[in-house]
Amino acid sequence: MFHSNFKAKARGTAILIDRNIPFVPSTVVSDKNGRFIIVSGKLCDRSVTLANLYAPNFDDILYKRLLVAEELGGQVSQDLSSILEQLKNFSKTGNDTYLYSKQPTGVQTFLQPNIYIFMPHLRHHPGSLVPNVVLGQGRRGVSMVLGIPTVKRDKQSYLVNTLSSLLFGLTASQCQDLLIIVFVAETNSDYVNGVAETIMKNFPNEVQSGLLEVISPSQYYYPNFTSLKETFGDSKERVKWRTKQNLDFSFLMLYAQDKGTFYVQLEDDVVAKSGYYDEMKAYAINEASKPWLYLEFSQLGFIGKMFRTRDLPMITEFFLMFHRDKPIDWLLDHILWVKVCNPEKDDKHCREQKALLKQRYKPSLFQHVGLHSSLPGKLQHLKDKDFGKQTLFKAHNNPPAEVSSTLKHYQTHSLKSAYEGRDFFWAITPLQGDYILFNFSQPVYASGYLFRSGNIETNGDKFFNTTVEVLPSSVLARHKLANPHYRESGNGFIIVGEFVNGLAEGKIEAALQPVSALRLVVHSDSDVWALLSEILIKI
């Protein structure tokens, strides 16, 4: 509190400042007669002057002028409160890295390092650190957060295929315990909205459930890149690219730090191995007692690096501190060096100590597939040799049946091989009226079914507008066709389900048992080929 008192109780002024507000006073001017108090100082690295005047209310003109001044002061107060609220929101996760030191009022103190020191241009735009959430439901409390930065590429975008790969085969419980954040690292609102529309069109259920989020930065987030120095033999364009990548990864990590337990950094041109979620979560839990800084699920660059979210504030501070100087993977290695390497010992000792802070999982769960790099003109041929072969189908023991189809299969990917669990079925573009028929050797009591179309590498080749139908073998069951509860298809078949987002799964009621045949019927022409990666007749 700053105050100016007169000996009598007739007048006096004071300025009260909450101890949690990062105000550092520099000059205090106090009237000995208690008529005014003026305090100058720094608030969030901005120079501010606060004043409080005492005036008697018998001078109408002076009094009215002071009322006007009071209203203007109220507006200034609102503006300052808005700035502080934004800073509070940005730091509310408990990240002390970006908070100011708290000291008694009137005592000058040092400021702790903060993002405005590393990126001073942000001081002119207080809202530049507020993410633009284009799509999202505010999901929190998940086990795993996947962060995917994406930029506009000159040649080809791999984003939809990457997301399809990550989402393929996830169970309902896994979808509820996962958050995928796509960070569109561009300031062009038209482009950002275009990416969001594409994601919404291809993954509407995942967006609506909160599994998928799309965010972008403020137009003021990025600094002027023209002043960057060319280092390590890199061209100016490459220096700009790597510097921006440091800022992109940092922004995404800061946004994700309060969303879940683990954070995994990915890129927008990868494919995931089937079952990646369970393998990553199980490995992270198994290694929880060890002092690792990150786990590696790919040997390439920054792909598949998993961090504890509680470590992200420290990591991003380091990245931001040196974002102009070195590439992101070098900076990550430097964190390890700073933490455990002894300058008085040799490189071997340093490598051994760093190895304790990073644990490598094999085989790799992510593979880089993009040929055209996000750096214009660069071709990226890197492949992870530890990735191995993808599991492109799932085998089951199905009841004996004669299989047939009007669809023409591609190469050796026949329906018979798929039904017997030796391959997947890959068919050339389905047309209206095409079907797949499973004619059982003898009637079976089939409790349910599962047909999964597409696979981890060809997720777009799905069945659309296709029904699942059964043929009851008993005359009594066929008489039940008159029941409005059942939908008749033709030739005695009853519709029991359909493909939704490439998957058909359901039960077959006891009233329809036993069944002598099951078929899939296509009801409209498709624009793509169709692939069955899993066929299961439950008996």
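Cut-offs used in this document
Residues numbered from 1 in each chain as written. Predicted model: local features only at pLDDT ≥ 70, side-chain atom pairs only at ≥ 80, totals over all residues. Heavy atoms only, no water. Buried < 20%, exposed > 50% of the residue type's maximum accessible area, 1.4 Å probe, protein only. Helix = DSSP H or I, 4+ residues; strand = E, 2+ residues; numbered from the N terminus. Contact = heavy atoms within 4.5 Å. Polar contact = N/O pair within 3.5 Å; in protein donor to acceptor, adjacent residues only side chain to side chain. Pairing = 2+ DSSP bridges. Axes fitted to C-alpha atoms, helices over the stretch in contact; angles between N-to-C directions. 1 Å grid on protein atoms, 1.4 Å probe; cavity = no way out; pocket = protein on both sides within 12 Å on 5 of 7 lines; lining within 4 Å. Points joined across faces, edges and corners; volume = space filled by probe spheres on them. Nonpolar A, V, L, I, M, F, W, Y, C, P; charged D, E, K, R; others polar. Disulfide = S-S within 2.5 Å. Core = buried A, V, L, I, M, F, W, Y, C linked by side-chain atoms within 4.5 Å. Salt bridge = Lys/Arg side-chain N within 4 Å of Asp/Glu carboxyl O. pLDDT = per-residue confidence, 0-100. Phe/Tyr/Trp six-rings, centres within 6.5 Å; stacked < 30°, edge-to-face > 60°. Lys NZ or Arg CZ within 6 Å of the ring centre and 35° of its normal.

Asker: Summarise helix 9 (residues 312-321); cite the residues concerned and give the values.
Answerer: Burial runs high along helix 9: 8 of the 10 residues are buried. All of the buried residues in helix 9 are Leu 312, Pro 313, Ile 315, Thr 316, Glu 317, Phe 318, Phe 319 and Leu 320. Among the structural elements, helix 2 (115-118), helix 7 (236-256), strand 10 (260-265), strand 13 (305-308) and helix 10 (328-340) are those in contact with the buried residues of helix 9.

Asker: Mind laying out the environment of Tyr 449, listing which residues take part and the relevant values?
Answerer: With respect to the secondary-structure elements, Tyr 449 resides in strand 19 (residues 448-453). Overall, Tyr 449 belongs to the buried group, its relative accessible area being 2%. Expressed as a C-alpha distance, the spacing of Tyr 449 and Gly 497, which sit 48 residues apart in the sequence, is 9.5 Å. With residues near it in sequence (within four places) discarded, Tyr 449 still touches Val 468, Val 496, Gly 497, Ala 504, Glu 505, Gly 506, Lys 507, Ile 508, Leu 518, Leu 536 and Lys 538. Here the side chain of Tyr 449 touches Val 496 through a polar contact of 3.3 Å, landing on its backbone oxygen.

Asker: Quick rundown of the pairing of strand 7 (residues 142-150)? Include the residues and the values.
Answerer: In terms of residue burial, strand 7 counts as a mostly covered element, since 9 of its 9 residues are buried. One ladder, built from 5 bridges, connects strand 7 with strand 10; its direction is parallel. Among the inter-strand pairings, Met 144 is bridged to a residue of strand 10, identified as Phe 262. Relative to strand 8 (residues 178-184), strand 7 is paired through 7 bridges, and the arrangement is parallel. Bridge pairing in strand 8 links Gly 147 to Ile 181.

Asker: Let's hear about the sheet that holds strand 7: which residues, and what values?
Answerer: Read from one edge of the open sheet, 8 strands run 6-9-8-7-10-13-12-14, paired in mixed fashion. Edge strands, defined here as strands with exactly one partner in the open sheet, are strand 6 (132-135) and strand 14 (358-360). With direction set aside, neighbouring strand axes in the sheet form an average angle of 25 degrees. With 4 bridges joining them, strand 10 and strand 13 adopt antiparallel strand pairing. Along strand 13, the bridge assignment pairs Phe 262 with Arg 308.

Asker: Outline the side chain of His 396, listing residues and values.
Answerer: Within the fold, His 396 resides in the loop between strand 15 (366-368) and strand 16 (401-405). In this structure the side chain of His 396 is engaged in a polar contact, spanning 2.7 Å, whose partner is the side chain of Glu 534.

Asker: How would you summarise empty space enclosed by the protein if you had to cite specific residues and measurements?
Answerer: Under the criterion given, the structure shown has 2 cavities of 30 Å³ or more. Taken as a whole, the second largest cavity holds about 30 Å³ of empty space. Along its surface, the second largest cavity is lined by Phe 393, Lys 394, Ala 395, Ala 418, Gly 421, Asp 423, Phe 424, Leu 532, Ser 533, Glu 534 and Ile 535. It is strand 25 (residues 530-538) that provides the largest number of residues to the lining of the second largest cavity, a total of 4 residues. Here the lining of the second largest cavity is built from residues that sort into 6 nonpolar, 2 polar and 3 charged.

Asker: Summarise the state of the cysteines; cite the residues concerned and give the values.
Answerer: Following the criterion strictly, the structure yields 1 disulfide and no others. Across the disulfide, Cys 341 is cross-linked to Cys 350 (sulfur-sulfur distance 1.9 Å). The sign of the S-S torsion, about 70 degrees, decides the handedness of the disulfide formed by Cys 341 and Cys 350: right-handed.

Asker: An account of the layout of surface pockets is needed here, citing residue identities and associated values.
Answerer: Estimated volume of the largest pocket: approximately 1300 Å³. What lines the largest pocket is a set of 45 residues, among which Leu 167, Phe 168, Gly 169, Arg 452 and Asn 501 lie closest to the centre. Mapped onto the lining of the largest pocket, the elements with two or more residues apiece are helix 3 (159-167), helix 4 (172-176), helix 5 (189-202), helix 6 (204-209), helix 8 (276-286), strand 19, strand 23 (503-507) and strand 25. With 5 residues, the top contributor of residues to the lining of the largest pocket is helix 3. Tallied by class, the residues present in the lining of the largest pocket amount to 17 nonpolar, 19 polar and 9 charged.

Asker: Any details on the nonpolar core? Residues and values, ideally.
Answerer: Formed by 42 residues in total, the largest nonpolar core has its most connected members in Phe 307 and Phe 319. The element contributing the most residues to this core is helix 7, with 8 residues. In terms of nonpolar packing, the next biggest core, distinct from the first, is built from 41 residues, Leu 135, Phe 203, Val 264 and Leu 365 among them.

Asker: A description of the pattern of salt bridges should follow, citing residues and the corresponding values.
Answerer: Throughout the structure, instances matching the rule amount to 12 salt bridges. Taking the shortest distance from any N to any O, the salt bridge between Asp 177 and Lys 281 comes out at 2.9 Å. Taken together, the positions of Asp 177 in the loop between helix 4 and strand 8 and Lys 281 in helix 8 put the pair 104 residues apart, joining distant regions of the chain. Given a relative accessible area of 16%, Asp 177 falls into the buried group. Taking relative accessible area as the criterion, Lys 281 reaches 25% and is therefore assigned partly exposed. Arg 238 serves as the salt-bridge partner of Asp 234, at 3.6 Å between the closest nitrogen and oxygen. Under the relative-accessibility criterion, Arg 238 is labelled partly exposed at 27%.

Asker: Describe in detail the confidence of the model for the protein, supporting the description with residues and values.
Answerer: For the protein, per-residue confidence averages 84 on the pLDDT scale, and residues scoring 70 or more make up 82% of the total. Contacts for the low-pLDDT stretch residues 108-112, under 50 throughout, to residues beyond four places or in other chains number 12 contacts.

Asker: Hey, could you go over the sheet that holds strand 25 for me, with residue numbers and the actual values?
Answerer: The strand order across the open sheet built from 4 strands is 17-25-19-23, with neighbouring strands paired in antiparallel fashion. Edge strands, defined here as strands with exactly one partner in the open sheet, are strand 17 (425-427) and strand 23. With strand direction ignored, the average angle separating the axes of adjacent strands in the sheet is 20 degrees. The pairing of strand 19 with strand 23 spans 5 bridges and is antiparallel. Each bridged residue has a counterpart across the sheet, and for Arg 452 the counterpart in strand 23 is Leu 503.

Asker: Account for the packing of aromatic side chains, with residues named and values stated.
Answerer: Enumeration over the complete set of coordinates arrives at 23 aromatic pairs. Geometrically, the ring pair formed by Phe 463 and Phe 499 is tilted, given 5.5 Å between the ring centres and 35 degrees between the ring planes. Of this pair, Phe 463 sits in the loop between strand 19 and strand 20 (466-472) while Phe 499 sits in the loop between strand 22 (493-498) and strand 23, and the two are 36 residues apart along the sequence. Per residue, the accessibility class of Phe 463 equals that of Phe 499, and both read buried. Cluster of aromatic residues (ring-pair linked, three or more members): Phe 183, Tyr 221, Tyr 222, Phe 225 and Phe 251. Over the ring of Trp 292 we find Arg 308, and its NZ or CZ is 3.8 Å from the ring centre. In this structure, Arg 519 packs its charged tip against the face of Phe 493, placed 3.9 Å from the ring centre.

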